[in-house]
Amino acid sequence: MTQDHGAQDIVLRLTNITKRFGALLANDGISLALRRGEVVALLGENGAGKTTLMNILFGHYTADEGEVEVFGQKLPPGLPGAALRAGVGMVHQHFTLADNLTVLDNILLGTEPLWRLSLGRGAARRRVARLSQEFGLAVDPDARVGALSVGERQRVEILKALYREARILILDEPTAVLTPQESEALFDTLRRMVAQGLSVIFISHKLHEVMAASQRVLVLRHGRLAGEVATADTSREALAEMMVGAEITPPAPSPARPGAVRLRLAGVVTPPQGTRPGLRGIDLDLRAGQILGLAGVSGNGQGALADLLSGLEAPQAGRMELDGVPVRQWSPRAALAAGIGRIPEDRHRTGTIADFSLTENAVLETYARPPVARRGLMDWRAARRAAQDLIEAYDIRCPGPEARIRLLSGGNMQKLILGRVLEAGPVVILANQPVRGLDIGAVTYVQDRLIAARDAGAAVLLISEDLDEVLTLSDVVRVICDGRLSPEFPRGSKTPAELGQWMAGAGVDHAA
Amino acid sequence: MTELFDILMQASFWAAVLRIASPLIFATMGELICERAGVLNLGIEGIMVIGAFTGWIAVYAGLGLWPGVGVALLAGMAFGALHATLTVPFGLSQHVVGLGITLLATATASFAYRLALPEVTSPPRIEPFAPLHIPGLSDLPWLGEALFSQTALTWAGFGLAGMVAFVLYRTPLGLALRAAGENPQAVAAQGLSVTGLRMGAVIAGSGLMAVGGAFLTMSAFSSFFFEMVNGRGWICIALVVFGAWRPGKALLGALLFAGFDALQIRMQQTPLGQVVPYQVFLMVPYLLSILALILMSRRAEIPAALMTPFNRGER
């Protein structure tokens with residue numbers, strides 16, 4: 001193929017896309033072109049505008065300026081139907097599947113004219129089987145989607161697009177929910193698609209995946225195109241710099257000096273709740289001055305363990321000891337009194353009360369005690385002072401202590417929660433996904449503070465679905481799978497692929 | 001116990017069951033369509049009143065019976081359109097809007113009645129639907145009276161239940177409707193209009209509710225009273241839950257409730273009725289419905305996005 005064919009090979013062209021949400025400029029004059037048979041990675045921090053851009057392309061949002069061209073035809077703005085018909089398929093970060101319908105029905109949805117008298121399930125089932133075979137996307141067409149694993153659901157989403165004969169596939173953070181092995185399988189599917197002349201846009205903020213799966217990288221920063229490079233000509237470090245706009249130094253914790261066991265779980269069992277597994281007899285020691293990282297695919301018991309430590313749930317069987325003393329009454333209040341600092345997974349829903357002020361949120365865990373409460377009455381001046389101290393000590397960017405917490409960015413909200421936990425002088429810190437959705441600046445800040453807390457003698461349990469994060473921060477790693485724990489692996493003793501085996505369930509049955 | 005057996009042996013009892021079930025079937029199917037698409041329609045009680053009134057007044061004004069049913073259908077769809085506009089594109093609380101529609105529709109019927117018939121003390125009668133004579137079947141001894149002495153509207157109701165089931169489970173439209181009630185994002189991502197689907201479902205469903213109301217004035221009785229709907233709309237909402245959002249089971253529920261109702265009327269005439277106050281009998285179908293509801297709906301799969309408004313482009 002010669003260079004002259006270059007222009008004809010362009011399957012998708014975005015020209016000068018601009019989108020505002022109120023005062024926020026989410027996309028600022030972004031242009032890009034996608035060629036036939038290539039994987040382009042769209043790289044950027046959270047909030048850089050990647051997802052917004054793709055939602056404009058797909059017609060979920062309308063751009064304030066600019067236009068989208070697919071196979072040389074201009075797309076009418078704001079119509080997902082038009083994008084679909086033009087051959088664009090999108091796999092959203094949050095899957096758009098109906099749990100109570102079968103795989104086949106989810107794939108069929110919207111593919112036939114509404115007023116037809118038949119769904120044509122038979123022919124559809126045969127086509128889905130053929131596509132599964134061709135692209136390596138094994139899934140049972142008659143299973144209810146609600147009963148599938150996350151990886152299987154993603155395959156259904158990709159099948160949906162392929163069933164509609166999409167020629168351009170957009171994948172929004174596709175690996176966020178997968179084990180390393182599942183990610184490998186996904187990349188294999190992508191390679192098969194590209195080999196058949198399809199084009200893929202792959203949104204990610206994970207550098208190693210971008211390096212592994214793409215031919216070309218576009219970097220977005222603060223809503224602008226910050227750079228475009230061929231993957232072969234760049235490195236992780238160069239991409240990271242382009243992404244943040246400055247050189248970054250990942251935290252490099254000094255070796256830990258582990259002390260006494262502060263919290264011990266022995267044979268602890270908690271009941272499953274709905275589709276969420278419980279704990280199935282786990283032993284866990286959290287030592288002073290040590291970060292224990294818990295890796296695992298989401299939904300394997302992390303929630304149950306976090307609820308247990310937070311005091312939201314009590315063990316059904318097994319022992320729980322704090323500093324060697326068995327725990328009898330266990331409740332959120334007891335957990336607080338025992339000195340367990342809690343950074344919850346969902347900072348919006350359980351970490352803060354969105355319409356309360358910073359002041360009110362700052363004292364959520366101490367409101368009933370002096371100095372915030374005196375003789376049963378709130379001392380708002382003391383509360384405000386506490387909030388003001390947090391704002392200064394943790395560099396929380398906000399209009400002031402009376403601002404509603406809803407107005408803060410995720411990073412600043414997390415700093416408030418972090419400050420609230422650390423200022424209480426915790427014995428044990430439960431950090432559940434402490435940096436999810438934060439930009440690199442805030443990530444580094446939170447991680448540095450957790451390391452500092454460790455060095456000050458706290459026992460830290462770090463729960464994260466991001467294996468890189470677990471490996472960077474943890475002195476000891478354990479893997480959770482289906483409510484059971486792997487043995488302890490000291491820092492550096494296992495490769496990500498080996499941990500991936502444990503995450504996928506190999507061997508965990510024999511542990512605990 | 002012999003009294004109970006005697007009642008069950010009466011052909012007129014079974015005829016009454018089918019008659020009492022008919023308005024419930026129409027309205028339950030209407031509510032089921034709305035809820036399957038994700039919208040709870042609490043306007044049902046008022047929309048049944050409007051249907052009962054408009055169908056009856058149209059026939060009184062000189063229209064034929066079937067055109068009268070058509071008028072009721074359109075009146076129901078009009079209130080459905082109002083409900084749909086407020087709850088779907090505007091995303092207002094479905095509870096508040098639904099109760100509001102019930103109050104508005106009931107009051108509108110009352111107001112229109114006074115405007116149309118200012119001087120009347122007792123409402124005029126119309127000539128209602130006559131039982132449909134099915135050659136052969138209707139002439140069977142006992143069975144003919146028990147099962148084949150119904151009006152065409154009753155048969156339409158049974159046909160409707162089958163049609164709703166077919167559309168929901170066998171056609172692309174039904175799949176799209178169910179998906180709109182399960183996960184509207186999935187519908188939007190496939191390029192369909194959630195707003196269009198939901199509004200269509202609420203409007204069509206409301207039309208059916210009104211036909212259910214019209215059955216009361218045009219087939220069961222021959223005149224219009226304000227109290228005649230008498231909570232049937234609320235019963236239909238319970239029947240949808242009882243039927244686990246499935247047309248077949250909901251139809252069964254309607255027949256069961258009608259059976260209890262027909263039974264209690266007849267039990268009042270027995271010696272037991274001399275001792276027990278009649279109000280107790282009136283309670284029986286409701287008590288048994290609650291019991292059945294508890295037993296039947298424990299494992300029901302409620303549409304996951306029921307009562308969740310959908311806003312595209314929200315962040």
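Residues numbered from 1 in each chain as written. Chains lettered and ligands numbered in written order. Predicted model: local features only at pLDDT ≥ 70, side-chain atom pairs only at ≥ 80, totals over all residues. Heavy atoms only, no water.

Topic: helix 2 (residues 11–36) of chain B
Residue and element names in this part refer to chain B. Going by this rule: Where helices and strands are cited, they refer to DSSP runs of H or I of at least four residues and of E of at least two residues respectively, numbered from the N terminus. Given a helix with a known number of residues, its expected span is that number minus one, times 1.5 Å. Bend at a residue means the angle formed by two fitted axes: the first through the 7 residues ending at that position, the second through the 7 residues beginning there. For each residue, the accessible area found with a 1.4 Å probe, counting protein chains only, is set against the maximum for its type, and the residue is called buried under 20%, exposed over 50%, and partly exposed in between.
Given a rise of 1.5 Å per residue, 26 residues ought to cover 38 Å, and the 36 Å separating the end C-alpha atoms of helix 2 matches this to within 8%. Ser 22 marks the point of greatest bend in helix 2, at about 35°, and the proline Pro 23 comes within the next four residues. Burial analysis of helix 2 places 23 of its 26 residues in the buried class, the great majority of the element. Positive phi shows up at Gly 38, right after helix 2, with a value of about 105°.

Quick look at the pattern of salt bridges
Residue and element names in this part refer to chain A. Going by this rule: Criterion for a salt bridge: a side-chain nitrogen of Lys or Arg within 4 Å of a carboxyl oxygen of Asp or Glu.
As enumerated under the stated definition, the model contains 30 salt bridges over all chains in all. A salt bridge links Arg 264 to Asp 285; its shortest N-O distance comes to 2.9 Å. Taken together, the positions of Arg 264 in strand 11 (residues 261–269) and Asp 285 in strand 12 (residues 280–287) put the pair 21 residues apart, joining distant regions of the chain. Since its relative accessible area comes to 15%, Asp 285 is described here as buried. The residue Asp 395 makes a salt bridge to Arg 397 at a minimum N-O spacing of 3.1 Å. Take Asp 395: its relative accessible area is 34%, and that puts it in the partly exposed class. Judged by relative accessible area, which is 56%, Arg 397 ranks as exposed. Through salt bridges that share partners, Arg 35, Glu 38, Arg 216 and Glu 228 make up one connected network.

Focus on the UniProt feature "transmembrane region" (unreviewed entry) in chain B
Residues and elements named next belong to chain B. How we decide: UniProt positions are given in the numbering used here, feature names are shortened, and annotations may be inferred rather than shown by experiment.
Residues annotated in UniProt with the feature "transmembrane region" (unreviewed entry) correspond here to residues 12–32, 39–59, 65–84, 96–116, 147–169, 201–226 and 275–296. Between the C-alpha atoms that bound residues 147–169 the distance is 28 Å, and the span itself is 83% helix and 0% strand. Between the C-alpha atoms that bound residues 201–226 there is a distance of 27 Å. The span itself is 77% helix and 0% strand.

So, the side chain of B:Thr171
Defined as follows: Polar contact is the term for a pair of N or O atoms within 3.5 Å; when the atoms are in protein, one must be able to donate a hydrogen and the other to accept it, and sequence-neighboring residues count only if both atoms are side-chain atoms. Any two residues having at least one pair of non-hydrogen atoms within 4.5 Å are treated as being in contact.
For B:Thr171, the position within the fold is in the loop between helix 7 (152–170) and helix 8 (172–182). There is a polar contact of 2.7 Å between the side chain of B:Thr171 and the backbone oxygen of B:Val167. Those residues in contact with B:Thr171, other than ones at most four positions away along the chain, are A:Arg116, A:Leu117, A:Leu119 and B:Phe166.

Re the sheet that holds strand 6 (residues 88–91) of chain A
All names here are of chain A. Put simply, the rule is: The rule for pairing is simple: two strands pair if DSSP sees at least two bridges between them. Interaxial angles span 0 to 180 degrees and are taken between N-to-C directions of axes, which are lines fitted to C-alpha atoms, for helices over the stretch in contact.
The six strands lie next to each other as 6-7-8-3-9-10, forming an open sheet whose pairing is mixed. For this open sheet the edge positions go to strand 6 and strand 10 (224–230), each flanked by a neighbour on one side alone. Between one strand and the next, the sheet's axes are offset by a mean angle of 20°, whatever the strand orientation. The pairing of strand 6 with strand 7 (residues 168–172) spans four bridges and is parallel. Across the sheet, residue Val 88 finds its bridge partner in strand 7, namely Ile 168. Contacts between helix 5 (residues 150–163) and the sheet are confined to strand 6 and strand 7, with strand 6 contributing the most and set at about 170° to the helix.

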